[in-house]
Amino acid sequence: MAINVKSGLENYSDKPRFHFDIYAILEGGQELFFGHETQVNVNIVETVTIPTPSNGEETNGDDGLEKCYISPTKRRGVERRALIWAPTGNGLLGDSLNCGIPHTCSKAECPICRVFGGLITSKTKVEGESEERPATTLIGRLTHSGGVAIQELSPEEKQRAMHPSMIRKAPESDPTPTPFKREYNQPGLLYPVYNHCLSMTETEFSAVAYAFMGALARLGAGNPKGVKIYDAPDLAKEDAEEPWIVVDKYLAPLGKRPVVSPTITDVKMAKEQFKNAAFSVRGSAQEPASELTEGNFHRYIGDAAIAKLSEYLIEFEKGELNVDAEIGN
Ligand SMILES: [Zn+2]
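Residues numbered from 1 in each chain as written. Predicted model: local features only at pLDDT ≥ 70, side-chain atom pairs only at ≥ 80, totals over all residues.

K.L.:
Please provide a residue-by-residue account of the overall build of the protein chain, values included.
P.N.:
Each helix and strand counted, the protein chain has 6 helices and 19 strands in total. The buried share of the protein chain, reckoned over its 329 residues, is 31%. (Helix = DSSP H or I, 4+ residues; strand = E, 2+ residues; numbered from the N terminus. Buried ≥ 20, exposed ≤ 12 C-beta atoms within 10 Å, placed from the backbone.)

Here is the structure:
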């Protein structure tokens, strides 16, 4: 029997493929709660410990920075839900595709599974479907990284109380609300995050753009929720504030990746590292500009990156959400 050497990715389009990257610094506008992955229901936030360089000196082995964290896996989950719960007419996109979490449809033609991936471990019967879903592996071509806060600011513990909605309680009943303690990531923390897309058509990337932007308002567990892209001067434009975000579309990775080292704790240093990388293409520093092009490599910076992403958001809306629009690649 002849062996299969192909990737197995079904093609529904004759459009060219590119790699895409989104690099952004997110800011928590208020306290945020992201539960520790191994500490379910105990109200502790997830942190990571970054080893600090010893500079050749003897250390006692426990030197390190503890930093708050938005883990990439959590961000990925919120992004996937942004697509599953996207409005389509009177319904939701995931319902119309019969695609959810953890039960993904894992079909190559699903705009969600196509980029996020899907897994059906064994033949499964799904309500409302005449045929069983076969065991399937569909590898996602979208990867998430980053999320370690820049500032070294420990979580803050707050006393919370669950107040029932009763206005008056009978004197004989227990009048005490139920108090509990919960840790929070403090407001104003900055989180550099990155999404990478492997060999996608622009239509496929439009789902990634929609998920990335849609998830911003919903990041966090419980309430409050939400982050925004950090606004500050001195990225492409001097003095004028703009969002610290870079979007790349390329065949060959010619641009230096604006990834902030987790060992940096100073916001000014982090911004310098981000900015220097954003304006470095083919190993040489470029004049700050909103767009940098080198052959097939395109980099959009700040407001220009938001404008570029917005084009894809509209494409996704037209293609997948607007029930009156023509659906096509
Ligand atoms: Zn699906």
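K.L.:
Would you mind going over the packing of helix α1 (residues 72-84) against helix α4 (residues 202-215) in detail, with residue names and values included?
P.N.:
It is the contact of α1 with α4, at a shortest axis distance of 8 Å, that shows an interaxial angle of 110 degrees. Classified by the angle their axes make, α1 and α4 are roughly perpendicular. Together, Arg 75, Val 78, Glu 79, Arg 80, Ala 82 and Leu 83 of α1 and Ala 207, Tyr 210, Ala 211, Phe 212, Gly 214 and Ala 215 of α4 make up the contact between the two elements. Residues of the contact of α1 with α4, tallied by class, amount to 8 nonpolar, 1 polar and 3 charged. (Axes fitted to C-alpha atoms, helices over the stretch in contact; angles between N-to-C directions. Parallel < 35°, antiparallel > 145°, perpendicular 65-115°, else oblique. Contact = placed C-beta atoms within 7 Å. Nonpolar A, V, L, I, M, F, W, Y, C, P; charged D, E, K, R; others polar.)

K.L.:
I'd like a rundown of the pairing of strand β11 (residues 190-200), residues and numbers included.
P.N.:
Here strand β1 (residues 18-28) pairs with β11 via 9 bridges, running antiparallel. When the sheet's bridge partners are listed, Ala 24 is paired in β11 with Val 193. When strand β8 (residues 142-146) meets β11, the two strands line up antiparallel, connected through 5 bridges. Bridging across to β11, Leu 142 finds its partner in Cys 197. (Pairing = 2+ DSSP bridges.)

K.L.:
Requested: an account of the packing of α4 against helix α6 (residues 303-321), with residues and values cited.
P.N.:
Following both chains from N to C, one finds α4 and α6 inclined at 105 degrees, their axes separated by 8 Å at the closest point. One element, α4, and the other, α6, form an angle in the roughly perpendicular class. Here α4 contributes Thr 203, Phe 205, Ser 206, Ala 207, Ala 209, Tyr 210 and Met 213 to the contact with α6, which in turn contributes Leu 309, Tyr 312, Leu 313, Glu 315, Phe 316 and Gly 319. Taken together, the residues of the contact of α4 with α6 break down into 9 nonpolar, 3 polar and 1 charged.

K.L.:
Tell me about unusual backbone geometry, and please be specific about residues and values.
P.N.:
With omega at 5 degrees, the peptide bond leading from Ile 101 into Pro 102 counts as cis. One can find Pro 102 in the loop between α2 (93-97) and α3 (113-116). Residue Pro 224 is bonded to the preceding Asn 223 through a cis peptide linkage, with omega at -5 degrees. A positive phi angle is found at Asn 98, which is not glycine, with a value near 55 degrees. Counting through the fold element by element, Asn 98 comes out in the loop between α2 and α3. Positive phi is not limited to glycine here, since Arg 282 has a value of about 55 degrees. Among the secondary structure elements, Arg 282 is positioned in the loop between β16 (280-281) and β17 (284-285).

K.L.:
With reference to specific residues and values, describe α4.
P.N.:
The end-to-end C-alpha distance of α4, which contains 14 residues, comes to 20 Å, matching closely the 20 Å that a straight helix rising 1.5 Å per residue would cover. Summarising burial for α4: 10 of the 14 residues are buried, a large majority. Residues of α4 that are buried include every one of Glu 204, Phe 205, Ser 206, Ala 207, Val 208, Ala 209, Tyr 210, Ala 211, Phe 212 and Ala 215, and no others. Elements that come into contact with the buried residues of α4 comprise β1, α1, α3, β8, β11 and α6. (Expected span 1.5 Å × (residues − 1).)

K.L.:
Outline the environment of Ile 314, supporting the account with residue identities and numerical values.
P.N.:
With respect to the secondary-structure elements, Ile 314 resides in helix α6. Ile 314 sits 104 residues away from Tyr 210 along the chain, and the two C-alpha atoms are 8.7 Å apart.

K.L.:
Outline the environment of Glu 66, supporting the account with residue identities and numerical values.
P.N.:
Looking at the secondary structure, you find Glu 66 in strand β3 (residues 65-68). Judged by the 13 C-beta atoms lying within 10 Å of it, Glu 66 is partly exposed. Remark: the alpha-carbon pair of Glu 66 and Ser 106, spanning 40 residues in sequence, is separated by 38 Å. Glu 66 has contacts with Thr 47, Thr 49 and Ser 154, leaving out every residue within four places of it along the chain.

K.L.:
For the environment of Val 281, give the residues involved together with the corresponding values.
P.N.:
Residue placement: Val 281 occurs in strand β16. Classification of Val 281 as partly exposed rests on a count of 17 C-beta atoms within 10 Å. On a C-alpha basis, the gap between Val 281 and Ala 221 in space is 38 Å, while along the polypeptide they are 60 residues apart. Beyond its immediate chain neighbours, meaning those up to four positions away, Val 281 contacts Leu 254, Gly 255, Gln 286, Leu 292, Glu 294, Phe 297 and Arg 299.

K.L.:
Residues and numbers for helix α5 (residues 267-278), please.
P.N.:
Here α5 spans 16 Å end to end across 12 residues, near enough to the 16 Å set by a 1.5 Å rise per residue. Listing the buried residues of α5 in full gives Ala 270, Lys 271, Phe 274 and Ala 278. Projected down its long axis, α5 carries its buried residues within an arc of 100 degrees, all on one side. Residues Lys 268 and Asn 276 are exposed on α5 and point more than 90 degrees away from its buried face. Buried residues in α5 make contact with β1, β13 (231-232), β15 (245-250) and β19 (297-301). (Arc of directions from axis to C-beta.)

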